[in-house]
Amino acid sequence: RQHPNTLLGSDNIKRYYRQDLSAYYFDRNREAFDAIVSFYLSDGQIPYLCDTLDEGLVTREFEYFKIPLTPREFCPEPSPVAEEIRDNTSIGQWKAKIDSLINVPESSRLASLYAIIDCLFILISISFLVLETEEKVKAHFTDPQDRYYYPLFGLNAFIMAFFTADYMARLWSAPSKNAFLKQILPWMDLLSILPFYMELAIMAYHGPQEAAAGSAEQQGSGGWYVVLRVCRVFRVIRVFKLARRSENLLILLRAVGNTSTELFVLFVMVFMVVLMFGSIMYTVEKTMTDNANGTQFNSIMSGCWWSVITVTTVGYGDMYPETPLGMVLGTVALMLGLVLMALPVTIIVAKFSDEYERSKN
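Conventions used here
- Residues numbered from 1 in each chain as written.
- Predicted model: local features only at pLDDT ≥ 70, side-chain atom pairs only at ≥ 80, totals over all residues.
- Heavy atoms only, no water.
- Helix = DSSP H or I, 4+ residues; strand = E, 2+ residues; numbered from the N terminus.
- Buried < 20%, exposed > 50% of the residue type's maximum accessible area, 1.4 Å probe, protein only.
- Contact = heavy atoms within 4.5 Å.
- Areas by Shrake-Rupley, 256 points an atom, 1.4 Å probe, with all protein chains shown as cover.
- Phe/Tyr/Trp six-rings, centres within 6.5 Å; stacked < 30°, edge-to-face > 60°.
- Lys NZ or Arg CZ within 6 Å of the ring centre and 35° of its normal.
- Salt bridge = Lys/Arg side-chain N within 4 Å of Asp/Glu carboxyl O.
- pLDDT = per-residue confidence, 0-100.
- Core = buried A, V, L, I, M, F, W, Y, C linked by side-chain atoms within 4.5 Å.
- Axes fitted to C-alpha atoms, helices over the stretch in contact; angles between N-to-C directions.
- Parallel < 35°, antiparallel > 145°, perpendicular 65-115°, else oblique.
- Left-handed = near helix turned anticlockwise from the far one by under 90°.
- Nonpolar A, V, L, I, M, F, W, Y, C, P; charged D, E, K, R; others polar.
- Patch = residues over 30% accessible without salt bridge, like charges linked within 9 Å, V, L, I, M, F, W, Y side chains within 5 Å.
- 1 Å grid on protein atoms, 1.4 Å probe; cavity = no way out; pocket = protein on both sides within 12 Å on 5 of 7 lines; lining within 4 Å.
- Points joined across faces, edges and corners; volume = space filled by probe spheres on them.
- Expected span 1.5 Å × (residues − 1).
- Arc of directions from axis to C-beta.

Once that is clear, we can look at the overall build of the protein. Tallying secondary structure elements over the protein gives 16 helices and 2 strands in all. Looking at the protein residue by residue over its 361 residues, the buried ones come to 37%. Contacts in the protein between residues far apart in sequence, at least 24 positions, make up 65% of those at least 6 positions apart. As displayed, the protein offers around 20,800 Å² of accessible surface, 64% of which is attributable to carbon and sulfur atoms.

As a further point, take the packing of aromatic side chains. The final tally for this structure, using the stated rule, is 11 aromatic pairs. Above the plane of the ring of Trp172 lies Lys95, whose end atom (NZ or CZ) is 5.5 Å from the centre.

Moving on, we get to the pattern of salt bridges. Applying the stated criterion across every chain, the model contains 1 salt bridge. We note a salt bridge from Arg170 to Asp166, for which the minimum N-O separation is 2.7 Å. Residue Arg170 and its partner Asp166 are both found in helix 8 (residues 149–173); the two are separated by 4 residues, about one turn of the helix. Neither residue differs from the other here; Arg170 and Asp166 are each classed as buried.

This part is about the confidence of the model for the protein. For any part of a model where pLDDT is low, the fine detail of the predicted coordinates should not be relied upon. For the protein, the mean per-residue pLDDT works out to 76, and 77% of the residues sit at or above 70. Ranking the helices and strands of the protein by mean pLDDT puts helix 15 (residues 300–311) first, with 91, and helix 4 (residues 80–88) last, with 40. Predicted confidence is poor over residues 44–49, with pLDDT under 50, and the contacts of this stretch with residues over four places away or in other chains come to 13 contacts. Ignoring residues within four places in sequence, the model shows residues 216–222, a span with pLDDT below 50, making 11 contacts including any to other chains.

All right, on to the nonpolar core then. In this structure, Phe121, Phe153, Met160, Phe162, Phe163 and Ile193 are the most contacted members of the largest nonpolar core, which totals 17 residues. Of all the secondary-structure elements, those providing two or more residues to this core are helix 6 (109–131), helix 8 and helix 10 (184–206). With 8 residues, helix 8 is the single largest residue contributor to this core. Those residues in contact with Phe162 that lie beyond four places of it in its chain are Tyr114, Ile117, Asp118 and Phe121. If you look at the next biggest cluster of nonpolar residues, it comprises 16 residues, including Val284, Phe297, Met319 and Leu329.

Our next topic: the packing of helix 14 (residues 260–288) against helix 15. Where helix 14 contacts helix 15, the axes come no closer than 7 Å and their chain directions differ by 125°. Of the possible angle classes, the one that applies to helix 14 and helix 15 is oblique. Crossing hand, helix 14 versus helix 15: right-handed. Of helix 15, the residues touching helix 14 (which contributes Val273, Val274, Leu275, Phe277, Gly278, Ser279, Met281 and Tyr282) are Ile300, Gly303, Cys304, Trp306, Ser307, Val308 and Val311. Tallied by class, residues from the contact of helix 14 with helix 15 come to 11 nonpolar, 4 polar and no charged.

Turning next to a nonpolar patch on the surface. Taken together, Phe264, Val265, Val268, Met269, Phe271, Met272, Leu275, Ile300, Leu336, Val339 and Leu343 make up a surface patch of nonpolar side chains, about 980 Å² in accessible area. Contributing elements (two or more residues each) for the nonpolar patch: helix 14 and helix 16 (324–360). Tallying contributions element by element places helix 14 first for the nonpolar patch, with 7 residues. With respect to the helices, strands and loops of the structure, Met272 is situated in helix 14.

Turning next to the environment of Phe180. Here Phe180 lies in helix 9 (residues 177–181). Put simply, Phe180 and Arg170 are 10 residues apart on the chain and 8.6 Å apart in space, counted from C-alpha to C-alpha. For Phe180, the contacting residues outside a window of four places in its chain are Tyr167, Arg170, Leu171, Ala174 and Pro186.

Let's shift gears to unusual backbone geometry. Positive phi, normally seen in glycine, also occurs at Thr313, with a value near 60°. Its place among the elements puts Thr313 in the loop between helix 15 and helix 16.

Moving on: empty space enclosed by the protein. Where empty space is left can be seen by rolling a probe of water-molecule size over the atoms. Tallying each qualifying case throughout the model produces 2 cavities of 30 Å³ or more. There is about 140 Å³ of room inside the largest cavity. Considering the residues around the largest cavity, the lining is formed by 11 residues, among which Glu132, Phe141, Phe153, Asn156 and Glu199 are closest to the centre. When contributions to the lining of the largest cavity are tallied by element, the ones reaching two or more residues are helix 7 (138–142) and helix 8. No other element matches helix 8, which puts 4 residues into the lining of the largest cavity.

Before going further, it helps to examine the environment of Thr295. Inspection of the secondary structure puts Thr295 in the loop between helix 14 and helix 15. Each C-alpha atom, one on Thr295 and one on Pro321, is 8.5 Å from the other, the two residues being 26 residues apart in sequence. In this view, Thr295 contacts Glu285, Lys286 and Thr289; residues no more than four positions away in its chain are not counted.

Glancing now at the environment of Val345. Structurally, Val345 is set in helix 16. For the pair Val345 and Leu263, spaced 82 residues apart in sequence, the C-alpha separation works out to 10.0 Å.

Taking 1.5 Å per residue as the helical rise, helix 13 (residues 247–258) with its 12 residues ought to reach 16 Å, and the 16 Å between its terminal C-alpha atoms agrees with that figure. Those residues of helix 13 not exposed but buried are Ile251, Ala255 and Asn258. Angularly, the buried residues of helix 13 cover 60° about the axis, an arc narrow enough to put them on a single face.

Below is the structure:
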């Protein structure tokens, strides 16, 4: 309360309290926030804390938190004591610099360039995943005798080396390894990288021709071919690497995470409705049909399949009721599905608006 005109010292801080975390939550740069906290604790007399931060980033953060100082006023010339502290924490400074480079594109021009290269490599890698299933160009990616195979393989290997170095750098520079490993995105990154190294191991053991054959599905379904094909499917997870580069997408993911309880209730309700209508539709169609060939609803499982497609308003049309009562039940299931699907939308939109306002202020 010594600085009532700042964000943390005013009543506006109440907007950032998260009931699910039982804490105040600010989706801002971590290192800059440490510097801002030091403003309240020591009147800005921790110069070594500022040396790892970009001045433009600190300026934006100060304006957001309404700190009445410029970065130059906040970070005075380092004293001999500060130089000694900085030398003793050189590893920590390098970690902070690498973390800002990888995770905060707006921290510097080099960080922005790194983010652009990262997104470009992700798009190229996803393009490879799609193109290698096209008949016209499949040989370029799967046939070692093709003249484009090794250049494309080399480019893919370079991109995977970049992803591997990026993952190791994120892990090394993370302030808390436990917190890093508890997140979902790092595990998705790891799953998207592993198939490439499994393919390299198979190439080293069986040769490039055998590994390419396994990826091209030219062999049987047994042995290591199945393992390779299954693992290569995980490469599609690579698309989630783009999530960390989109602030709005991260806001949406956090909003969905904050509605986990409501979504769980929705899934339970949908399961109950699907099972109920699937069982009733099976009984009605099996009992009342006049079709000489019988009914498409041969079991409760087939009835539940129809119910899922109807309640979710997909409507494949592969199964449909033929009796008048079945048609009435189908109409009721469809209308109830519309209501069930609409309920969580308003909650997610409200959570998204809260997260967006909290991040943009």
